[in-house]
Amino acid sequence: MKKDLVSIKDLTADEIRHILVTASTFKDVLKRDIKKVPTLRGKTMVNLFFEPSTRTRTSFELAQKRLSADVLNFSVTTSSVVKGESLYDTLRTIQSYGADYIVIRHPCSGTPHLLSKIVRASVINAGDGINEHPTQALLDAFTIQEKLGEFKGLEVAIVGDILHSRVARSNTLCLRALGANVRYVGPPTLIPTYLPKGIRAFYNLQEGLRGVDVVMALRVQKERMDRGFFPSEREYFKLYGIAEERLQMAAPNAVVMHPGPMNRGIEISSEVADSERAVILEQVTNGIAVRMAVLYLVGGADA
Amino acid sequence: MPEGLLIKGGHIVDPSQGIDSIGDILIEDAKFSKVAIGTTLRVNNKAIRVIEANGMYVIPGLIDMHVHLREPGYEHKETIQTGTYAALRGGLTAVCPMPNTNPINDNATVTSFMIRKAYQEGYCKVYPIGAITKGQKGTELAEMALMHEAGAVAFSDDGRPVMNSLVMRRALEYSKILNVPIISHAEDLNLTEGGVMNEGILSYAFGLRGIPKAAEEVMVARDIALARLTNGRLHIAHVSTRCAVELIRRAKAEGIKVTAETCPHYFTLTEEAVTGYNTNAKVNPPLRTADDVAAIKEGLKDGTIDVIASDHAPHHRDEKLLDFDNAPFGISGIETLLSLSLSLVSVGILTMSGLVEKLSLNPAKILALSGGTLKEGCQADMVVIDPNKPFTITEESLASKGKNTPFLGRVLTGKAVYTIFKGKVYEVV
């Protein structure tokens, strides 16, 4: 693998499959009584979060600790960034700590790309603006593979705010690389006007879910409503909320996914979230194994 | 000191007089004293310096009607001194700085400061453009007549549009007192809000917020409607889309008083230049698609677009060394204006005479400036161009403080070798 994982575009389909296979080995480790391996002992990992995050940061931190790495959490509220230090200087300072790996989340698209050009450390993108969230896509792929096996010919519907979703972008790249078909479902205001080739958009949820194997609901951000992308949460739920009766068109064994945190009663009904179809908690568990695999493989640690 | 200058054997191109032939030009007392076509000027006076211009173009000094010199207020980006020096090296003898300085050029004091500073420290002529509204806030008209009296040649809130249509109507009406154009930065801010590159497949692929072409086009359409209503003079700055070109073409056919400019990056680059989050390619309006580039070239060819200007927007390196969202818009373009425009001649879109119109004669006409001509008796502002000289764009090759150009590393063909301002020769090396 390359030095960095800033985009799913950095990976070939074979590399993605290799990450998934490696992740399943680490998942076995996580089932043991002692969940720690010495694989990356002595490596320094900095989690550089310019945006509040509990889940992703916790997941990375657990993955790093399970690999025996030394972990430093650097978050924007406690850092010199609030004192007016420039991004460039912050990034170079982190390099000077001697970090071997930097996990970065930033509200602006492309920041991990900038970081990867400045530092020698391996850079892992933990979400940049509305651009990408590669490890989320990999853990979603891992979860789909566990539940459904093959990717070839699989129909995946991503539902909701596609336009502003880094989860949707990375998942689209990852799932299509593995041979699945991706469709977008949501209000036209939240679906890009210019769609990548081969992607169909549905403004009607029932039509959009016809025959799909995977339903991926995205979190609705209240800010979008305030900015006029849709009029109200109740209208959104009526049109695009994933509820039991709307899943009847989907394949019988279809699974429902959500990257979290969920808004019950807005993008997903409480009943569906707690149903057999939902694999939302498995996604969380798999996230640790997949991030262990990424940290292990990035920069060629396995070579 | 030589008392005069003789430029011998160059290819003289001066559309103001319909000249497009080999000839000699004599300059005395900072004025063109003789333009000889088809004959050779013999001068026995030893005090006259001779420049051999065989194989060179000899044309009127270029006039860039859209630049940002950043002074007063942002001297870390550029000053009137450094900006005009860069201009001279690019073959320019006059530039028109936009008013988004600090303080904003919305009053005669700032206008006078710019002119005085240029006179004291500048390397070429500076014709300031005043703000349309006080503080460029888009609400109250600025003192246009007083600024005009101090030397402002046109009015624009460049960098920002006048969003309020009624205020824009008033500006187009009021400027008729002075018979100067209102220069429109055509952008609907509600449509662009948060956008950083052209909206399209690529903006989605890069995860960057898009600026739709419609943001430019609705304002071009609005301003044309207001020019029709008021019979005021409208000039559309930095045209970048096909539909904007078509709207202007129709308005001209209808007889509306509208002129338009584009910039070299809009006929040279597409949105793909943003690849890799290259902040040097972040510019407003954004780089568009190949179809728009083709339409801009058609507009230049058929005269819909009157002027090529640089929209020179120098920034400090620290400002462009940011994430794409937070880096400022703008390309440092004053020194690449000529070389990039010469490519239009080599591919046959414009004749050399047509190019001189876009870069010199038309800006002079639109803004009622002296210049744009080699007529005998006029101030000797001109440029000698070597059309075959390679020009490698590097940070070191640029005199401007702003090194922010997406053309870094490119090798262009053709550049100014002598720029003559008020009869004084500057050799570009």
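All values derive from a computational prediction rather than experimental measurement. (Residues numbered from 1 in each chain as written. Chains lettered and ligands numbered in written order. Predicted model: local features only at pLDDT ≥ 70, side-chain atom pairs only at ≥ 80, totals over all residues.)

Explain the domain arrangement of chain A to me, please; I cannot follow it from the model alone.
Residue and element names in this part refer to chain A. Entries for chain A in the domain assignment read domain 1 (8-131 + 286-300) and domain 2 (134-283). Domain 1 and domain 2 are separated by 26 Å when their C-alpha centres are compared. At the interface, 20 residues of domain 1 touch 21 residues of domain 2. Counting only elements with at least two residues in the side of domain 1 that touches domain 2, the list comes to helix 1 (13-30), strand 4 (122-128) and helix 11 (280-297). For the side of domain 1 that touches domain 2, the per-class residue count stands at ten nonpolar, six polar and four charged. (Domains from an automatic or database assignment. Contact = placed C-beta atoms within 7 Å. Helix = DSSP H or I, 4+ residues; strand = E, 2+ residues; numbered from the N terminus. Nonpolar A, V, L, I, M, F, W, Y, C, P; charged D, E, K, R; others polar.)

Help me understand the sheet that holds strand 7 (residues 200-202) of chain A in this model?
Whether parallel or antiparallel, the strands of a sheet pair through hydrogen bonds between backbone atoms. Residue and element names in this part refer to chain A. Spatial strand order, 7-6-5-8-9: five strands in an open sheet with parallel pairing. If you trace the sheet from one side to the other, it starts and ends with strand 7 and strand 9 (255-257), each paired once. Pairs of neighbouring strands in the sheet enclose a mean axial angle of 25 degrees, with direction left out of account. Examined bridge by bridge, strand 8 (residues 214-217) and strand 9 share three bridges and lie parallel to one another. (Pairing = 2+ DSSP bridges. Axes fitted to C-alpha atoms, helices over the stretch in contact; angles between N-to-C directions.)

What's the story with the domain arrangement of chain B in this structure? I'm lost.
How big an interface is tends to be stated in terms of accessible area lost as the parts join. All names here are of chain B. Under the domain assignment, chain B is made up of domain 1 (4-58 + 378-427) and domain 2 (61-367). Placing a centre on the C-alpha atoms of domain 1 and another on those of domain 2 gives a separation of 26 Å. Contacts between the two partners involve 31 residues from domain 1 and, on the opposite side, 40 residues from domain 2. Sorting the residues of the side of domain 1 that touches domain 2 by element identifies strand 16 (382-392) and strand 17 (411-421) as the ones contributing at least two each. No other element matches strand 17, which puts seven residues into the side of domain 1 that touches domain 2.

Help me out: how do you make sense of the interface of chain A and chain B in this one?
Contact with chain A, which involves 20 residues of that partner, is made by 17 residues of chain B. Every element with two or more residues in the side of chain A that touches chain B is listed here: helix 3 (87-96), helix 4 (111-118) and helix 6 (166-177) of chain A. The greatest single-element share of the side of chain A that touches chain B, amounting to three residues, is contributed by helix 4 of chain A. Residues belonging to the side of chain A that touches chain B are distributed by class as follows: eight nonpolar, nine polar and three charged.

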